[in-house]
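Commentary on secondary and tertiary structure
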Amino acid sequence: MFYSRGYADLGDGREMGPKRQRLMDQGSSYYGASPGSSFMYNPSPYASYIGQPPPFPIVRLRGLPFDCSEADIAEFLHGLDIVDVLFVHKGGRFSGEAYCVLGYPLQVDFALQRNRQNIGRRYVEVFRSTRREYYKAIANEVSDAHGGSPNHSARARSYDEGKDLAEHTGVLRLRGLPYSAAKDDIMDFFKDFVLSEEKVHITYNSEGRPSGEAFVEFASPEDSRAAMSKDRMTLGSRYIELFPSSQQEMEEAIARGRRADSEDGKDPPAHTGLLRLRGLPFSAGKEDIMEFFKEFVLSEAGIHITFNPDGRPTGEAFVKFASPEDSQAAMAKDRKTLGSRYIELFISSPQELNDALSRSRSRR
(Lines give C-alpha, C1' and ligand atoms only; values in the text may rest on other atoms or scores of the structure.)
Protein backbone atom coordinates (compact mmCIF):
# COMPACT_ATOMS: atom_id res chain seq x y z
CA MET A 1 0.00 0.00 0.00
CA PHE A 2 1.11 3.57 -0.59
CA TYR A 3 -0.81 5.20 2.18
CA SER A 4 1.81 6.19 4.71
CA ARG A 5 2.93 9.72 5.32
CA GLY A 6 6.55 8.57 5.06
CA TYR A 7 8.36 8.07 1.82
CA ALA A 8 10.10 4.79 2.38
CA ASP A 9 6.96 2.81 1.54
CA LEU A 10 7.72 2.96 -2.17
CA GLY A 11 10.85 0.86 -1.97
CA ASP A 12 10.51 -1.56 -4.88
CA GLY A 13 6.94 -1.28 -6.12
CA ARG A 14 5.84 -4.54 -4.50
CA GLU A 15 4.00 -2.67 -1.75
CA MET A 16 1.09 -2.36 -4.17
CA GLY A 17 0.16 -5.68 -2.62
CA PRO A 18 -2.25 -8.40 -3.66
CA LYS A 19 -5.34 -6.26 -3.02
CA ARG A 20 -4.39 -3.47 -5.40
CA GLN A 21 -3.21 -5.99 -7.99
CA ARG A 22 -6.57 -7.77 -7.82
CA LEU A 23 -8.32 -4.46 -8.44
CA MET A 24 -6.30 -4.03 -11.63
CA ASP A 25 -6.62 -7.63 -12.80
CA GLN A 26 -10.28 -8.37 -12.08
CA GLY A 27 -12.00 -5.31 -13.43
CA SER A 28 -15.45 -4.97 -11.95
CA SER A 29 -15.31 -7.94 -9.57
CA TYR A 30 -15.37 -5.59 -6.58
CA TYR A 31 -18.94 -4.59 -7.37
CA GLY A 32 -22.02 -6.54 -6.47
CA ALA A 33 -22.19 -9.93 -4.84
CA SER A 34 -19.26 -11.99 -3.73
CA PRO A 35 -18.99 -15.49 -5.21
CA GLY A 36 -20.65 -17.09 -2.21
CA SER A 37 -23.48 -14.58 -1.93
CA SER A 38 -27.03 -14.70 -3.21
CA PHE A 39 -27.70 -12.65 -6.33
CA MET A 40 -31.20 -11.74 -5.16
CA TYR A 41 -29.99 -8.30 -4.00
CA ASN A 42 -28.33 -7.12 -7.22
CA PRO A 43 -31.12 -5.35 -9.14
CA SER A 44 -31.73 -2.14 -7.19
CA PRO A 45 -28.26 -0.61 -6.76
CA TYR A 46 -27.25 -0.86 -10.41
CA ALA A 47 -30.56 -0.73 -12.28
CA SER A 48 -29.39 2.34 -14.19
CA TYR A 49 -26.34 0.46 -15.49
CA ILE A 50 -28.20 -2.27 -17.38
CA GLY A 51 -26.21 -3.21 -20.47
CA GLN A 52 -23.03 -1.52 -19.29
CA PRO A 53 -20.60 -2.06 -16.43
CA PRO A 54 -21.11 0.11 -13.33
CA PRO A 55 -18.58 2.92 -12.82
CA PHE A 56 -15.41 2.23 -10.88
CA PRO A 57 -16.14 3.26 -7.24
CA ILE A 58 -13.38 5.75 -6.53
CA VAL A 59 -13.03 9.30 -5.18
CA ARG A 60 -10.12 11.71 -5.03
CA LEU A 61 -9.43 13.61 -1.81
CA ARG A 62 -7.60 16.95 -1.85
CA GLY A 63 -6.32 19.10 1.02
CA LEU A 64 -5.31 16.27 3.35
CA PRO A 65 -3.01 17.07 6.29
CA PHE A 66 0.57 16.15 5.52
CA ASP A 67 0.66 13.72 8.45
CA CYS A 68 -2.54 12.01 7.29
CA SER A 69 -2.77 8.22 7.67
CA GLU A 70 -5.16 5.62 6.30
CA ALA A 71 -6.80 5.48 9.72
CA ASP A 72 -7.60 9.20 9.40
CA ILE A 73 -9.26 8.60 6.02
CA ALA A 74 -11.19 5.61 7.38
CA GLU A 75 -12.45 7.91 10.14
CA PHE A 76 -13.30 10.68 7.64
CA LEU A 77 -15.26 8.22 5.45
CA HIS A 78 -16.70 6.32 8.40
CA GLY A 79 -19.43 3.88 7.42
CA LEU A 80 -18.10 3.37 3.89
CA ASP A 81 -16.30 0.24 2.73
CA ILE A 82 -12.71 1.24 1.92
CA VAL A 83 -10.99 -1.20 -0.44
CA ASP A 84 -7.78 0.75 -1.06
CA VAL A 85 -6.11 4.09 -0.31
CA LEU A 86 -3.35 5.54 -2.50
CA PHE A 87 -1.51 8.62 -1.22
CA VAL A 88 -0.07 10.74 -4.03
CA HIS A 89 3.48 12.12 -3.98
CA LYS A 90 4.93 14.78 -6.26
CA GLY A 91 8.65 15.44 -6.39
CA GLY A 92 9.16 13.13 -3.43
CA ARG A 93 6.71 15.01 -1.23
CA PHE A 94 3.19 14.09 -0.17
CA SER A 95 0.88 16.26 -2.28
CA GLY A 96 -2.05 16.32 0.14
CA GLU A 97 -4.10 14.22 -2.29
CA ALA A 98 -5.22 10.59 -2.19
CA TYR A 99 -7.38 8.19 -4.15
CA CYS A 100 -9.84 6.04 -2.22
CA VAL A 101 -11.44 2.95 -3.77
CA LEU A 102 -14.81 2.13 -2.23
CA GLY A 103 -16.81 -1.06 -1.99
CA TYR A 104 -19.41 -0.29 -4.66
CA PRO A 105 -20.52 2.64 -6.88
CA LEU A 106 -23.35 3.95 -4.70
CA GLN A 107 -20.87 4.67 -1.94
CA VAL A 108 -19.29 7.37 -4.11
CA ASP A 109 -22.40 9.52 -3.61
CA PHE A 110 -22.12 9.11 0.16
CA ALA A 111 -18.42 10.00 0.04
CA LEU A 112 -19.20 13.18 -1.89
CA GLN A 113 -21.43 14.29 0.98
CA ARG A 114 -18.24 14.60 3.09
CA ASN A 115 -16.92 17.31 0.76
CA ARG A 116 -15.36 20.22 2.72
CA GLN A 117 -15.64 18.44 6.04
CA ASN A 118 -12.55 18.48 8.25
CA ILE A 119 -9.70 16.16 9.09
CA GLY A 120 -8.10 17.94 12.03
CA ARG A 121 -7.96 21.62 11.13
CA ARG A 122 -7.93 21.04 7.38
CA TYR A 123 -11.09 20.87 5.30
CA VAL A 124 -10.93 18.17 2.66
CA GLU A 125 -12.39 18.35 -0.84
CA VAL A 126 -13.91 15.19 -2.31
CA PHE A 127 -14.20 14.63 -6.07
CA ARG A 128 -15.38 11.84 -8.34
CA SER A 129 -12.52 10.06 -10.04
CA THR A 130 -11.99 7.27 -12.59
CA ARG A 131 -10.21 3.97 -12.91
CA ARG A 132 -7.85 5.58 -15.45
CA GLU A 133 -6.79 8.33 -13.02
CA TYR A 134 -6.23 5.76 -10.28
CA TYR A 135 -4.08 3.50 -12.47
CA LYS A 136 -2.07 6.48 -13.70
CA ALA A 137 -1.42 7.53 -10.09
CA ILE A 138 -0.26 3.99 -9.24
CA ALA A 139 2.09 4.02 -12.25
CA ASN A 140 3.56 7.35 -11.16
CA GLU A 141 4.17 6.08 -7.62
CA VAL A 142 5.87 2.94 -8.93
CA SER A 143 7.98 5.04 -11.32
CA ASP A 144 9.18 7.16 -8.40
CA ALA A 145 9.91 4.02 -6.43
CA HIS A 146 12.25 2.83 -9.19
CA GLY A 147 14.29 6.01 -9.07
CA GLY A 148 12.13 8.34 -11.13
CA SER A 149 12.57 11.08 -8.53
CA PRO A 150 16.01 11.68 -6.98
CA ASN A 151 14.44 13.91 -4.34
CA HIS A 152 12.05 11.12 -3.42
CA SER A 153 14.91 8.65 -3.00
CA ALA A 154 16.79 11.07 -0.76
CA ARG A 155 13.71 11.64 1.41
CA ALA A 156 13.13 7.88 1.60
CA ARG A 157 16.69 7.28 2.79
CA SER A 158 16.35 10.07 5.33
CA TYR A 159 13.11 8.57 6.61
CA ASP A 160 14.68 5.12 7.02
CA GLU A 161 17.75 6.57 8.70
CA GLY A 162 15.50 8.37 11.18
CA LYS A 163 13.93 5.06 12.17
CA ASP A 164 17.36 3.45 12.53
CA LEU A 165 18.64 6.21 14.80
CA ALA A 166 15.56 6.40 17.02
CA GLU A 167 15.97 5.34 20.64
CA HIS A 168 14.42 1.97 21.49
CA THR A 169 12.50 1.47 24.73
CA GLY A 170 11.15 -2.01 24.00
CA VAL A 171 7.85 -0.72 22.55
CA LEU A 172 6.98 -0.66 18.84
CA ARG A 173 3.98 0.96 17.16
CA LEU A 174 2.45 -0.90 14.21
CA ARG A 175 0.53 0.89 11.46
CA GLY A 176 -1.46 -0.49 8.52
CA LEU A 177 -2.98 -3.52 10.27
CA PRO A 178 -6.02 -5.19 8.67
CA TYR A 179 -9.07 -4.10 10.65
CA SER A 180 -9.83 -7.77 11.35
CA ALA A 181 -6.35 -8.44 12.79
CA ALA A 182 -6.35 -9.97 16.28
CA LYS A 183 -3.64 -10.32 18.90
CA ASP A 184 -2.88 -13.84 17.67
CA ASP A 185 -2.15 -12.48 14.19
CA ILE A 186 0.29 -9.92 15.60
CA MET A 187 1.99 -12.54 17.74
CA ASP A 188 2.36 -14.73 14.65
CA PHE A 189 3.80 -11.75 12.74
CA PHE A 190 6.49 -11.52 15.45
CA LYS A 191 6.78 -15.29 15.91
CA ASP A 192 10.58 -15.04 16.20
CA PHE A 193 10.13 -13.20 19.50
CA VAL A 194 8.67 -14.21 22.86
CA LEU A 195 5.41 -12.29 23.31
CA SER A 196 2.27 -12.72 25.40
CA GLU A 197 -1.23 -11.45 24.61
CA GLU A 198 -1.16 -8.89 27.41
CA LYS A 199 1.84 -7.24 25.74
CA VAL A 200 -0.09 -6.65 22.50
CA HIS A 201 -2.40 -3.61 22.49
CA ILE A 202 -4.75 -2.94 19.55
CA THR A 203 -6.00 0.66 19.52
CA TYR A 204 -9.46 1.94 18.60
CA ASN A 205 -10.89 5.04 16.96
CA SER A 206 -13.65 7.32 18.24
CA GLU A 207 -16.31 4.85 17.04
CA GLY A 208 -14.77 2.02 19.03
CA ARG A 209 -13.48 0.30 15.91
CA PRO A 210 -9.89 -0.88 15.32
CA SER A 211 -7.74 2.02 14.12
CA GLY A 212 -5.35 -0.11 12.08
CA GLU A 213 -2.63 0.52 14.67
CA ALA A 214 -1.27 -1.43 17.64
CA PHE A 215 1.53 -1.31 20.19
CA VAL A 216 3.72 -4.27 21.15
CA GLU A 217 5.86 -4.50 24.27
CA PHE A 218 8.99 -6.60 23.75
CA ALA A 219 11.13 -8.17 26.44
CA SER A 220 13.93 -5.65 25.92
CA PRO A 221 15.02 -2.67 23.77
CA GLU A 222 17.34 -5.07 21.96
CA ASP A 223 14.39 -7.25 20.97
CA SER A 224 12.36 -4.28 19.70
CA ARG A 225 15.34 -3.09 17.65
CA ALA A 226 15.75 -6.58 16.18
CA ALA A 227 12.01 -6.72 15.44
CA MET A 228 12.39 -3.67 13.18
CA SER A 229 13.62 -6.15 10.57
CA LYS A 230 9.90 -6.88 10.04
CA ASP A 231 9.24 -3.28 8.99
CA ARG A 232 7.10 -3.22 5.82
CA MET A 233 6.61 -6.97 5.74
CA THR A 234 3.09 -8.23 5.10
CA LEU A 235 0.35 -9.45 7.40
CA GLY A 236 -2.26 -10.94 5.12
CA SER A 237 -2.41 -8.63 2.11
CA ARG A 238 -1.29 -5.56 4.08
CA TYR A 239 2.26 -4.45 4.64
CA ILE A 240 2.94 -3.27 8.17
CA GLU A 241 4.97 -0.22 9.14
CA LEU A 242 6.89 -0.31 12.41
CA PHE A 243 7.99 2.68 14.50
CA PRO A 244 10.02 2.83 17.72
CA SER A 245 7.63 4.07 20.40
CA SER A 246 7.48 4.62 24.15
CA GLN A 247 5.45 3.55 27.16
CA GLN A 248 3.89 7.02 27.35
CA GLU A 249 2.78 7.08 23.70
CA MET A 250 1.31 3.59 24.09
CA GLU A 251 -0.60 4.44 27.24
CA GLU A 252 -2.02 7.63 25.73
CA ALA A 253 -3.24 5.74 22.64
CA ILE A 254 -4.86 3.03 24.77
CA ALA A 255 -6.52 5.66 26.96
CA ARG A 256 -7.95 7.46 23.91
CA GLY A 257 -9.55 4.22 22.75
CA ARG A 258 -11.11 3.62 26.15
CA ARG A 259 -12.47 7.18 26.35
CA ALA A 260 -13.98 6.77 22.89
CA ASP A 261 -15.76 3.62 23.99
CA SER A 262 -17.38 5.11 27.07
CA GLU A 263 -17.37 8.42 28.88
CA ASP A 264 -16.24 6.94 32.19
CA GLY A 265 -13.23 5.15 30.69
CA LYS A 266 -14.42 1.58 31.26
CA ASP A 267 -13.08 -1.26 29.14
CA PRO A 268 -14.94 -2.08 25.87
CA PRO A 269 -18.19 -4.03 26.38
CA ALA A 270 -17.86 -7.77 26.83
CA HIS A 271 -19.45 -10.15 24.35
CA THR A 272 -22.78 -11.59 25.47
CA GLY A 273 -23.36 -13.85 22.48
CA LEU A 274 -25.50 -11.21 20.72
CA LEU A 275 -24.52 -9.11 17.70
CA ARG A 276 -26.42 -6.29 16.02
CA LEU A 277 -26.19 -6.12 12.21
CA ARG A 278 -26.58 -2.87 10.27
CA GLY A 279 -26.76 -2.27 6.51
CA LEU A 280 -28.76 -5.38 5.53
CA PRO A 281 -30.50 -5.41 2.13
CA PHE A 282 -34.19 -4.75 2.77
CA SER A 283 -35.03 -8.04 1.03
CA ALA A 284 -32.73 -10.08 3.26
CA GLY A 285 -34.36 -12.94 5.16
CA LYS A 286 -33.23 -15.06 8.07
CA GLU A 287 -31.82 -17.71 5.74
CA ASP A 288 -29.57 -15.08 4.11
CA ILE A 289 -28.23 -14.05 7.52
CA MET A 290 -27.60 -17.70 8.37
CA GLU A 291 -25.67 -18.05 5.11
CA PHE A 292 -23.64 -14.92 5.97
CA PHE A 293 -22.63 -16.61 9.24
CA LYS A 294 -22.40 -20.09 7.73
CA GLU A 295 -19.29 -20.90 9.79
CA PHE A 296 -21.42 -20.77 12.96
CA VAL A 297 -24.32 -22.85 14.26
CA LEU A 298 -27.41 -20.62 14.24
CA SER A 299 -31.15 -21.18 14.40
CA GLU A 300 -33.87 -19.05 12.80
CA ALA A 301 -35.35 -18.49 16.26
CA GLY A 302 -32.14 -16.70 17.27
CA ILE A 303 -32.34 -14.20 14.37
CA HIS A 304 -34.48 -11.10 14.82
CA ILE A 305 -35.02 -8.67 11.92
CA THR A 306 -36.33 -5.26 13.05
CA PHE A 307 -38.93 -3.04 11.36
CA ASN A 308 -39.65 0.68 11.05
CA PRO A 309 -43.03 2.45 11.69
CA ASP A 310 -44.26 1.50 8.19
CA GLY A 311 -43.68 -2.16 8.90
CA ARG A 312 -40.72 -2.26 6.55
CA PRO A 313 -37.33 -3.76 7.49
CA THR A 314 -34.95 -1.22 9.02
CA GLY A 315 -31.85 -2.85 7.55
CA GLU A 316 -30.88 -4.04 11.04
CA ALA A 317 -31.10 -7.39 12.79
CA PHE A 318 -29.95 -9.13 15.96
CA VAL A 319 -28.29 -12.54 15.97
CA LYS A 320 -27.94 -14.85 18.97
CA PHE A 321 -24.84 -17.06 18.87
CA ALA A 322 -24.19 -20.24 20.84
CA SER A 323 -21.67 -18.49 23.10
CA PRO A 324 -19.87 -15.17 23.68
CA GLU A 325 -16.80 -16.79 22.13
CA ASP A 326 -18.73 -17.43 18.92
CA SER A 327 -20.03 -13.85 18.73
CA GLN A 328 -16.50 -12.54 19.26
CA ALA A 329 -15.18 -14.78 16.47
CA ALA A 330 -18.06 -13.67 14.23
CA MET A 331 -16.83 -10.06 14.43
CA ALA A 332 -14.33 -11.11 11.76
CA LYS A 333 -17.30 -10.70 9.36
CA ASP A 334 -17.58 -6.98 10.16
CA ARG A 335 -17.82 -4.96 6.92
CA LYS A 336 -18.03 -8.09 4.76
CA THR A 337 -20.63 -8.09 2.00
CA LEU A 338 -24.04 -9.71 1.81
CA GLY A 339 -25.13 -9.37 -1.80
CA SER A 340 -24.08 -5.85 -2.83
CA ARG A 341 -24.23 -4.44 0.71
CA TYR A 342 -21.48 -4.43 3.28
CA ILE A 343 -22.62 -5.32 6.79
CA GLU A 344 -21.52 -3.60 9.99
CA LEU A 345 -21.47 -5.64 13.20
CA PHE A 346 -21.79 -4.35 16.76
CA ILE A 347 -21.61 -6.01 20.17
CA SER A 348 -25.12 -6.06 21.61
CA SER A 349 -26.98 -7.17 24.74
CA PRO A 350 -30.30 -8.81 25.69
CA GLN A 351 -31.57 -5.40 26.86
CA GLU A 352 -30.84 -3.76 23.51
CA LEU A 353 -32.48 -6.68 21.70
CA ASN A 354 -35.61 -6.51 23.87
CA ASP A 355 -35.88 -2.74 23.38
CA ALA A 356 -35.58 -3.10 19.61
CA LEU A 357 -38.15 -5.90 19.45
CA SER A 358 -40.56 -3.90 21.64
CA ARG A 359 -40.30 -0.94 19.27
CA SER A 360 -40.86 -3.20 16.26
CA ARG A 361 -43.96 -4.78 17.83
CA SER A 362 -45.46 -1.41 18.76
CA ARG A 363 -45.00 -0.17 15.20
CA ARG A 364 -46.59 -3.11 13.44
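Residues numbered from 1 in each chain as written. Predicted model: local features only at pLDDT ≥ 70, side-chain atom pairs only at ≥ 80, totals over all residues. Heavy atoms only, no water.

What follows covers unusual backbone geometry. Non-glycine residue Arg-116 carries a positive phi angle of around 70 degrees. Summarising the element assignment, Arg-116 is placed in the loop between helix H3 (106-112) and strand E4 (117-119). One non-glycine residue, Arg-232, lies in positive phi territory at about 70 degrees. Looking at the secondary structure, you find Arg-232 in the loop between helix H7 (221-227) and strand E9 (233-235). On the basis of relative accessibility, which here comes to 22%, the residue Arg-232 falls in the partly exposed class. (Helix = DSSP H or I, 4+ residues; strand = E, 2+ residues; numbered from the N terminus. Buried < 20%, exposed > 50% of the residue type's maximum accessible area, 1.4 Å probe, protein only.)

Let us look at the sheet that holds E4. An order of E2-E3-E1-E5-E4 is seen for the five strands of this open sheet, with the pairing classed as antiparallel. Here the strands that pair on one side only, and so sit at the sheet edges, are strand E2 (82-90) and E4. With direction set aside, neighbouring strand axes in the sheet form an average angle of 35 degrees. Bridge analysis of E2 against strand E3 (residues 93-102) gives seven bridges, and the strand direction is antiparallel. Each bridged residue has a counterpart across the sheet, and for Phe-87 the counterpart in E3 is Ala-98. (Pairing = 2+ DSSP bridges. Axes fitted to C-alpha atoms, helices over the stretch in contact; angles between N-to-C directions.)

Now for the pattern of salt bridges. Considering all chains together, one arrives at 13 salt bridges under this definition. In this structure, the salt-bridge partner of Arg-60 is Glu-97, at a minimum N-O distance of 3.5 Å. Of this pair, Arg-60 sits in strand E1 (residues 58-62) while Glu-97 sits in strand E3; the two residues are 37 residues apart in sequence, bridging distant segments of the chain. Arg-60 sits in the buried class, given a relative accessible area of 18%. A relative accessible area of 15% means that Glu-97 is categorised as buried. Salt-bridge contacts for Glu-291 lead to Lys-294; the nearest nitrogen and oxygen are separated by 3.8 Å. Residues joined in a network through salt bridges with shared partners are Arg-62, Arg-116 and Glu-125. (Salt bridge = Lys/Arg side-chain N within 4 Å of Asp/Glu carboxyl O.)

Our next topic: the nonpolar core. Counting 21 residues, the largest nonpolar core has Leu-64, Ile-73, Leu-77 and Leu-102 as its most contacted members. Only E1, helix H2 (70-76), E2, E3, H3 and strand E5 (122-128) provide two or more residues apiece to this core. Formed by 19 residues, the second largest nonpolar core is a distinct cluster that contains Ala-181, Leu-195, Val-200 and Val-216. (Core = buried A, V, L, I, M, F, W, Y, C linked by side-chain atoms within 4.5 Å.)

Turning our eyes to something else, we now look at the environment of Arg-209. Turning to its location among the elements, Arg-209 is positioned in the loop between strand E7 (200-204) and strand E8 (210-217). Through-space distance from the C-alpha of Arg-209 to that of Tyr-179 is 8.1 Å; in sequence the pair is 30 residues apart. The contact partners of Arg-209, leaving out residues within four places of it in the chain, are His-78, Thr-203, Tyr-204, Asp-334, Arg-335, Glu-344, Leu-345 and Phe-346. (Contact = heavy atoms within 4.5 Å.)

Turning our attention to the packing of aromatic side chains. The tally for this structure, following the rule as stated, stands at eleven aromatic pairs. Ring centres of Phe-87 and Phe-94 lie 5.2 Å apart, and the angle between their planes is 75 degrees; on these two criteria the pair is classed as edge-to-face. With a relative accessible area of 0%, Phe-87 lands in the buried category. Residue classification places Phe-94 among the buried residues on the basis of a relative accessible area of 5%. Ring geometry for Phe-193 against Phe-218: centres 5.6 Å apart, planes inclined by 85 degrees, an arrangement best described as edge-to-face. With Phe-193 in the loop between helix H6 (183-189) and E7 and Phe-218 in the loop between E8 and H7, the pair connects residues that are 25 residues apart, well separated along the chain. Take Phe-193 and Phe-218: they sit in the same class, and that class is buried. Following the ring pairs from residue to residue traces out a cluster consisting of Phe-189, Phe-190, Phe-193 and Phe-218. Against the face of Phe-243 rests Arg-173, its NZ or CZ located 4.5 Å from the ring centre. (Phe/Tyr/Trp six-rings, centres within 6.5 Å; stacked < 30°, edge-to-face > 60°. Lys NZ or Arg CZ within 6 Å of the ring centre and 35° of its normal.)

Strand pairing in a sheet relies on backbone hydrogen bonds. The paired strands run either parallel or antiparallel. Reading across from one edge, E7-E8-E6-E10-E9 is the order of the five strands in this open sheet, with antiparallel pairing throughout. Whereas interior strands pair on both sides, the edge strands pair on one side only; in this sheet they are E7 and E9. With strand direction ignored, the average angle separating the axes of adjacent strands in the sheet is 35 degrees. In this structure, E9 lies alongside strand E10 (residues 238-244), joined through three bridges in antiparallel fashion. When the bridges of E10 are listed, Leu-235 appears paired with Arg-238.

Of all seven residues that make up strand E15 (residues 341-347), five are buried, and the element is covered over most of its length. With four bridges connecting them, strand E11 (residues 274-278) and E15 associate as antiparallel partners. Directly across from Arg-276, in E15, lies its bridge partner Phe-346. By the bridge criterion, three bridges tie strand E14 (residues 336-338) to E15 in an arrangement that is antiparallel. Among the inter-strand pairings, Leu-338 is bridged to a residue of E15, identified as Arg-341. Hairpin geometry of E14 and E15 is characterised by an intervening segment of two residues between the two adjacent antiparallel strands and by a positive phi of about 65 degrees at Gly-339.

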